[in-house]
Structure formats: structure tokens, C-alpha cells
Amino acid sequence: MRGVGAILRRAARDARDLNTRRDVSSWLARWFPRTPARSVVALKTPIKVELVAGKTYRWCVCGRSKKQPFCDGSHFFQRTGLSPLKFKAQETRTVALCTCKATQRPPYCDGTHRSERVQKAEVGSPL
């Protein structure tokens, strides 16, 4: 039969383990929020780029990249909870990629940037 002291030591150790796990989860929550931030308007016009057939690209979803329209990792360092859209070019051609982040055909521009809602928004602010 165990002594009361052994039982109390075990309970204290279990409580410490529980607190450690709680600290880790709160640290993860700061870096990986449960609800992602909203995309921000990077520019109000699309950017034309030459895509090479077979090459994989990462289109910026968050709007915070300094290398628009492509991702530079800003979504991670600014803890947005968003991830870039990875896509592979089917053929070599020039396309217009969205930078207002409101397109219904990501990553391609669909003309949404011409809408009053986008034109009234400030660059760097969410829609």
C-alpha cells in the first residue's frame, strides 16, 4: 500500500504535466490561431506574370507578401493562420494574377478589383 506522501507527490507531478501541456497549447495558439485572419488588399490591380509549364507556384492568399502575387512567408511570421495557394502551371503563358485577394477564381484575376467594394478599400486593409 502506498503512503499518503507518494500519492501527493504523484498528484503534484500530474498537475505539473498538465500545466506544461497547457503552456504548449497556448504557445501553439499564438502561432496557429483557430480562426485565420482575413486577407488584406495587396494592390487594386492584377499583376501579369509569365507562368512556365510544369512549374509549381505559391500564390499569396493573405495579401501581406512583399513579393506579390507570390508568397514570401509573411503569413507565417505575422501569424495569420492562412496558407499560400500552391498551383502548377499547365502551359507556358502570360496570366493576370489577383492581388486584391477577392477573386472567385484564385489565383487568377476575375475583375473583382474593379468593384466599388475593392476600390474603396485601403491597400493593406481587409475587405
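Computed from a prediction, not measured in an experiment: that's the story for all the values here.

Q: Can you help me understand the packing of aromatic side chains in this one?
A: Aromatic rings considered in pairs are described by the distance between their centres and by the relative angle of their planes. Applying the stated criterion across every chain yields a total of 3 aromatic pairs. When the ring of Tyr 57 is compared with that of Phe 70, the centres are 5.5 Å apart and the planes differ by 25°; the resulting orientation is stacked. Here Tyr 57, found in strand β2 (residues 56–59), pairs with Phe 70, found in the loop between β2 and α2 (74–77); they are 13 residues apart in sequence, far enough to count as distant. Exposure remark for Phe 70: the relative accessible area of 22% places this residue in the partly exposed category. Taking the centre distance of 6.1 Å and the plane angle of 70° together, the rings of Phe 87 and Tyr 108 count as edge-to-face. Separated by 21 residues along the polypeptide, Phe 87 in strand β3 (residues 85–88) and Tyr 108 in the loop between β4 (93–97) and α3 (116–120) bring together distant segments of the chain. Phe 87 gets classed as buried once you look at its relative accessible area, which sits at 10%. Every member of this aromatic cluster is reached through a ring pair, and the members are Tyr 57, Phe 70, Phe 87 and Tyr 108.

Q: Before we go on, may I ask you to explain unusual backbone geometry in this structure?
A: If a residue is not glycine, its phi is most likely negative; likewise, a peptide bond is most likely trans. Cis peptide bonds are those with omega within 30 degrees of zero, and the linkage from Gln 68 to Pro 69 qualifies with 5°. The omega torsion of the bond from Pro 106 to Pro 107 falls at 5°, within 30 degrees of zero and hence cis. Considering the arrangement of structural elements, one finds Pro 107 in the loop between β4 and α3. Non-glycine residue Lys 101 carries a positive phi angle of around 65°. On the accessibility criterion, Lys 101 (12% relative accessible area) is buried.

Definitions and limits used
Positions within a chain are numbered from 1, following the residues in the order the chain's sequence is written. Under the rules for a predicted model, residues below a pLDDT of 70 receive no local features and side-chain atom pairs below 80 are neither given nor counted, while totals for whole chains, interfaces and linings still include all residues. Heavy atoms from the whole structure form the basis of all side-chain values; hydrogens and water molecules are not counted. Under the pairing criterion, centres of Phe, Tyr and Trp rings, with the six-membered ring standing for Trp, must be within 6.5 Å; the plane angle then separates stacked pairs below 30 degrees from edge-to-face pairs above 60, leaving the rest tilted. To qualify as a helix, a DSSP run of H or I must reach at least 4 residues; to qualify as a strand, a run of E must reach at least 2; elements of each kind are numbered from the N terminus. Only protein chains enter the accessibility calculation, which uses a 1.4 Å probe; a residue is then buried when its area is under 20% of its type maximum, exposed when over 50%, and partly exposed in between.

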